[in-house]
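The primary structure of each chain is shown beneath.
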Amino acid sequence: MKKFLFSILFLAIITTPVGAKGLKGKVIYVNPGHGGWTVNDRPHATINYEAMDTMSFFESKTCLWKALELRDRLKAAGAKVIMSRTTNGWVSEGDKNITRNDRFETYDDGTGQQQLITLFKIASQVDSLNPDYFIALHSNATGGGDGKKVNYLLYMYRGETGNDYAKGSIARARVAFPYVYDNPLTVWTTPDTSRYIAGDLTWMGGTPPGTPNALGYTGWLAVLKHKVPSFLVEGSFHSYQPERQRLMNRDYCRMEGIRHFRGINAWFGGKPEKHGYIAGTIKSADETFTDSLYNYKEGTDDQWKPINGATVYLLDKHNVRIRHYRVDNEYNGFFGFFYLKPGKYTLIYDAPSYESRSEQVIVERDHTTYCKPRLHRYNYNIK
Ligand SMILES: [Zn+2]
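All of the points below concern the structure found in this document. Within each chain, residue numbers correspond to sequence positions counted from 1 in written order. Totals for whole chains, interfaces and linings use all residues, but because this is a predicted model, local features are given only for residues with pLDDT of at least 70 and pairs of side-chain atoms are given and counted only at 80 or more. Computation of side-chain values covers all heavy atoms of the structure but excludes hydrogens and water.

**What to know about the sheet that holds strand E4 (residues 80-83)**
What counts here: Being paired, for any two strands, means DSSP has found at least two bridges between them. Strands here mean DSSP runs of E at least two residues long; helices mean DSSP runs of H or I at least four residues long; both are numbered from the N terminus. Lines fitted to C-alpha atoms define the axes here, with helix axes fitted over just the stretch in contact, and angles between the N-to-C directions of these axes take values from 0 to 180 degrees. We call two residues in contact whenever any of their non-hydrogen atoms come within 4.5 Å of each other.
The strand order E4-E1-E7-E12-E8-E11 describes an open sheet built from six strands, whose pairing is mixed. The outermost strands of the open sheet, each flanked by one partner alone, are E4 and strand E11 (196-199). Within the sheet, the average angular offset between the axes of one strand and its neighbour, ignoring direction, is 25°. Contacts between helix H3 (residues 119-129) and the sheet are confined to strand E1 (27-32), E4 and strand E7 (133-140), with E1 contributing the most and set at about 175° to the helix. Lying over the sheet, helix H7 (residues 250-267) contacts E1, E7, strand E8 (154-157) and strand E12 (230-237), oriented at roughly 150° with respect to E7.

**Observations concerning a nonpolar patch on the surface**
What counts here: Each patch is assembled from residues with relative accessible area greater than 30% and no salt bridge, linking like charges that lie within 9 Å and nonpolar side chains (Val, Leu, Ile, Met, Phe, Trp, Tyr) that lie within 5 Å. Surface accessibility follows the Shrake-Rupley procedure with a 1.4 Å probe radius. Residue values consider only the protein chains on display as shielding. What makes a salt bridge here is a side-chain nitrogen of Lys or Arg within 4 Å of a carboxyl oxygen of Asp or Glu, nothing more. Any residue under 20% of the maximum accessible area for its type is buried, any over 50% is exposed, and the rest in between are partly exposed; the area is computed with a 1.4 Å probe on protein chains only.
A cluster of nonpolar side chains, namely Trp203, Met204 and Trp220, defines an oily patch on the protein surface of about 290 Å² accessible area. As for its placement among the helices and strands, Met204 is situated in helix H5 (residues 200-204). Overall, Met204 belongs to the partly exposed group, its relative accessible area being 37%.

**Observations concerning the coordination of the zinc ion**
Put simply, the rule is: Each metal site is built from N, O and S donor atoms within 2.8 Å (3.2 Å for Na, K and Ca), and since water is not included, such sites may look incomplete. Geometry assignment treats four donors as tetrahedral when all angles are between 85 and 135 degrees, treats four as square planar and six as octahedral when opposite donors are over 155 degrees apart and all others between 65 and 115, and treats everything else as irregular.
Each protein donor to the zinc ion is listed here as His34 (NE2), Glu59 (OE), Glu59 (OE) and His138 (ND1); together their distances run 2.2 to 2.7 Å. Viewed at the metal, the four donor atoms of the zinc ion are separated by angles of 51 to 142°, and the geometry they form is irregular. The motif formed by the donor residues of the zinc ion, counted along the single chain, is H-x24-E-x78-H. A residue pair is termed long-range when its members are at least 10 positions apart, and His34 in the loop between E1 and strand E2 (43-44) and Glu59 in helix H2 (residues 59-76) qualify at 25 residues.

**As for the pattern of salt bridges**
Evaluated as defined, the whole model comprises 17 salt bridges. The residue Glu243 makes a salt bridge to Arg246 at a minimum N-O spacing of 2.8 Å. Of the two residues, Glu243 and Arg246 are both situated in helix H6 (residues 241-247); the distance of three residues between them amounts to about one turn of the helix. With respect to class, Glu243 is no different from Arg246; both count as buried. Overlapping salt bridges bring together Glu69, Arg73, Asp251, Arg254 and Glu273 as one network.

**Let's talk about the packing of H2 against H7**
Our working definition: Oblique is the label for any angle not under 35 degrees, not over 145, and not in the 65 to 115 range, which are roughly parallel, roughly antiparallel and roughly perpendicular in turn. Here is the rule for handedness: rotate from the far helix to the near one, and if that takes an anticlockwise turn smaller than a right angle the crossing is left-handed, while a clockwise turn gives right-handed.
Two numbers describe how H2 lies on H7: the axes approach to 7 Å, and their chain directions differ by 45°. It follows that H2 is oblique to H7 by the angle criterion. The interaxial crossing formed by H2 with H7 has right-handed handedness. Facing Thr62, Trp65, Lys66, Leu68, Glu69, Leu70, Arg73 and Leu74 of H2, the residues of H7 in contact are Arg250, Cys253, Arg254, Glu256, Gly257, Ile258, His260, Phe261 and Ile264.

**A closer look at the pairing of strand E17 (residues 321-326)**
Of the pairings in the sheet, the one linking strand E16 (residues 311-315) to E17 comprises five bridges and is antiparallel in character. Pairing of Thr311 across the sheet is with Arg326, part of E17. Linking two consecutive strands that pair antiparallel, namely E16 and E17, is a turn of five residues; a positive phi of about 65° is found at Asn319 within it.

Written as structure tokens, this is what we have:
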């Protein structure tokens, strides 16, 4: 038996090429953007909450939600993950904007986990640890003010467009882009073919090669000034208000984390995930929705009123209810089911004052099935 085991191991060693495929043993550095609850953490009012309320939108919070799901998927695939931070509420030392919800950053917060915010500290750590992949997660805002109808996906790498100073950055971004763009629940205002994959100096209007940091790396974005091929990804625009309301849902952010995982997994030629996902938005078939904090792009799915508090039931192939999802009250209509065995399922959409509907769906491995049900109101036209 021992001999048999030995020969299998031996076979595994000799058949695994140098630069083995897949994420097993690879080191991935994940940097969730920002860190605390300050005015620098991109706070915005939402329909239900005032700006600066920790229940409202903070990019620091939503980037962390994406990053934690990405970390979990990477770990499940056998990668070693380094996070610059794992909780929200950290600011760099001497930050004048510190709030009572914030603490100063640390390399070890007592649980063995660092909470780094200072971009130079993160870049220095990345440069010395030399991971196989580095990703910084953010969302974007238009310079022209809040509520603009602009929402696209943007990858920025260190250098000039077409000339990545850390070679391999453009190639990584090109592989990841289509996976992350694949989100039919949002409204993209530019087509996939636009593919915004840009050098940070070119995009931000800097003069090449940019200002060197203390390690000697040039470019624009401080977090990218290290030797590792990498990018910062603006996953969507939180200044597009219907998208901001979606980002208020942690599971919506987790779904983005899963899309980033697919882009990284594809780069390393990893195995597909064994399970699949369902994600959707449930909206009214009859009513549009307007609010001063909900400027939607005309003629798109975002015009329809999201149904707060709806329930989505998930039934297996034997028509047994196995899970349900309660839609939040944040005007996004989002629902999602994670880690499902591939196969046939039925969804039942249920909301007070609306006609129930059901839909049969197929879940495939390593894939998200998207649904966008719209329900009719009972007696909508009867006064
Ligand atoms: Zn950001």
